[in-house]
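# What the coordinates show
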Amino acid sequence: MSDYPNYGSLDGPVIMIGFGSIGRGTLPLILRHFDVKPEQITVVAPDDANAAILAAYGVHKLTSLLTVDNYRAVLTPLLATRAGRAFCVNLSVDTSSVAIMALARELGALYIDTVIEPWPGFYDDPAAPLAQRTNYALRQSLLAERRRRPGGPTAVSACGANPGMVSWFVKQALLDVADAAGLGCIRPTTRTQWAELMRQSGVRGIHIAERDTQRGRKPKAIGTFVNTWSVDGFISEGLQPSELGWGTHEKWLPPQARAHDDPAAPSIYLGRPGADTRVRTWCPTAGPQYGLCVTHNESISIADYFTITSDSGEVSYRPTCHYAYHPADDAMLSWHELLGNPGQPQRTHEILDEADILDGIDELGVLLYGHARNAYWFGSRLSVEETRKLAPYQNATGLQVTSAVLAGMVWAVENADAGIVEADEIDFARCLQVQRPYLGPVEGHFTTWTPLTGRSPLFPQDIDPDDPWQFRNVLVH
């Protein structure tokens with residue numbers, strides 16, 4: 001990549017909140033692909049992590065821990081400007097995405113984030129009912145803000161790799177499945193048309209199926225949580241209740257399944273943490289594998305996006321959708337240690353950056369299943385070796401996220417008054433056009449594997465032998 005595409009001008013201040021593993025990888029892409037000067041950019045972060053990178057690029061730094069009490073006072077002078085339109089790029093943890101998004105739009109700024117993040121205390125309040133600690137609840141707060149202030153400056157919510165990029169993968173994968181089925185369809189242009197195409201294609205569900213094989217150069221130490229991205233973020237979501245979009249084809253509820261009070265909710269949650277809930281899935285490199293059914297916003301938003309509802313409000317079609325994540329082996333071992341402690345996070349956190357990693361890939365895609373061709377995986381198979389050639393300061397996991405942030409920013413600049421949108425709702429083809437140069441091999445693979453394939457006959461199992469793609473067969477009991 002010697003000649004980098006230019007996606008236009010950022011003529012106002014760019015305010016980046018957070019500068020951890022994702023922030024430090026996003027900054028070079030912003031400077032590479034937009035007409036923007038380093039002095040227009042201010043990073044707001046609570047510490048001096050990665051300070052040398054900031055100094056090398058010559059951007060401003062404001063050291064401040066944003067809280068519910070001070071965020072307006074800190075951010076308003078940065079975002080309120082008469083010189084062009086500001087862009088708020090929120091890549092932080094422990095800050096309310098909805099609150100900061102609302103402030104940015106109030107001040108006329110564009111906005112993007114990678115997750116619907118709450119203020120501290122949301123994830124680990126034992127007095128809070130489980131339903132209040134779900135991503136469904138967080139997403140409802142976003143949708144409430146959209147109803148409160150429709151239209152206006154564009155804010156792209158939850159636009160990283162997943163959630164974010166995987167919603168674009170779902171649409172491309174669906175077109176591939178429909179083509180293989182001989183439907184000969186015209187590309188849908190509305191949400192209703194997309195949902196109808198998924199139903200006509202026979203898709204019963206979707207796994208966000210990921211295998212991270214990146215290996216550190218040194219063994220994980222006892223008492224250390226090692227990961228290839230934010231340890232704080234992974235622990236937070238891993239200790240939330242497991243969640244999944246619940247499809248209309250499902251005939252069996254897990255014993256710990258719980259429904260939300262709203263009968264129109266597209267998802268259910270389990271009375272156990274996602275990091276301690278295993279599911280069966282498939283990725284091209286490993287083939288059949290166990291994954292963690294960790295809650296993610298896309299599990300809910302994708303299921304909701306492809307729901308078909310009658311005029312009377314009755315749901316006639318919805319796919320099941322959930323994350324099936326096998327993180328790096330050191331991260332899996334870290335979870336084994338944490339959950340056995342029991343549930344007490346390690347005191348030492350270590351994020352493997354590109355220099356710490358020996359080799360490996362992050363194979364992140366979507367598995368559309370239950371159709372006439374059985375199952376189809378479509379996604380990115382990006383290696384850390386290729387990542388080092390494509391962009392600085394990040395591993396393969398990070399580049400899948402930061403390139404999605406770039407794509408979301410491009411779409412926001414090109415559609416600056418679209419209001420609050422989710423990744424499912426924006427132009428997937430345009431976003432993938434921007435992102436694909438950073439994703440390594442992007443491939444589609446049909447597979448004959450089902451959750452019943454190769455089961456051991458040595459022990460009795462709770463299965464539905466007549467319907468392989470029931471969640472009863474996917475869940476590891």
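Small disclaimer: the values here were computed from a predicted structure and weren't measured.

Parameters at a glance
- Residues numbered from 1 in each chain as written.
- Predicted model: local features only at pLDDT ≥ 70, side-chain atom pairs only at ≥ 80, totals over all residues.
- Heavy atoms only, no water.
- Helix = DSSP H or I, 4+ residues; strand = E, 2+ residues; numbered from the N terminus.
- Rg over C-alpha atoms; globule rule 2.2 N^0.38 Å.
- Areas by Shrake-Rupley, 256 points an atom, 1.4 Å probe, with all protein chains shown as cover.
- pLDDT = per-residue confidence, 0-100.
- Phe/Tyr/Trp six-rings, centres within 6.5 Å; stacked < 30°, edge-to-face > 60°.
- Buried < 20%, exposed > 50% of the residue type's maximum accessible area, 1.4 Å probe, protein only.
- Lys NZ or Arg CZ within 6 Å of the ring centre and 35° of its normal.
- 1 Å grid on protein atoms, 1.4 Å probe; cavity = no way out; pocket = protein on both sides within 12 Å on 5 of 7 lines; lining within 4 Å.
- Points joined across faces, edges and corners; volume = space filled by probe spheres on them.
- Nonpolar A, V, L, I, M, F, W, Y, C, P; charged D, E, K, R; others polar.

This part is about the overall build of the protein. Helix and strand counts for the protein come out as 14 helices and 23 strands. Relative to the globule expectation of 23 Å for 477 residues, the C-alpha radius of gyration of the protein, 21 Å, shows essentially globular dimensions. Across its three principal directions, the C-alpha atoms of the protein cover 65 × 55 × 50 Å. Element-wise, carbon and sulfur atoms account for 52% of the exposed surface of the protein, whose accessible area totals about 18600 Å².

In this model, the protein carries a mean pLDDT of 97, and residues with pLDDT of at least 70 account for 100%. Of all the helices and strands in the protein, helix 2 (residues 51-57) carries the lowest mean pLDDT, 95, while strand 6 (residues 155-157) carries the highest, 99.

Attention now moves to the packing of aromatic side chains. Here the structure, examined in full by the defined rule, presents 16 aromatic pairs. Ring geometry for Y305 and F306: centres 5.1 Å apart, planes at 75°, overall edge-to-face. By the burial criterion, Y305 is buried, and F306 matches it. Of the aromatic side chains, those joined through ring pairs into one cluster are F225, W229, F234, Y323, Y325 and W335. The lysine or arginine in question, R32, covers the ring of Y4, its NZ or CZ lying 4.0 Å from the ring centre. R373 extends its terminal NZ or CZ atom over the ring of F446, reaching a point 3.9 Å from the ring centre.

The next thing to look at is the layout of surface pockets. With a probe scaled to a water molecule rolled over the atoms, the places where space remains empty come into view. Of the voids in this model, the second largest pocket is the one considered here, and its volume is about 360 Å³. Along the wall of the second largest pocket there are 18 residues; nearest its centre are Y123, D124, D232, I235 and S236. Of the residues contributing to the lining of the second largest pocket, the split by class is 9 nonpolar, 3 polar and 6 charged.

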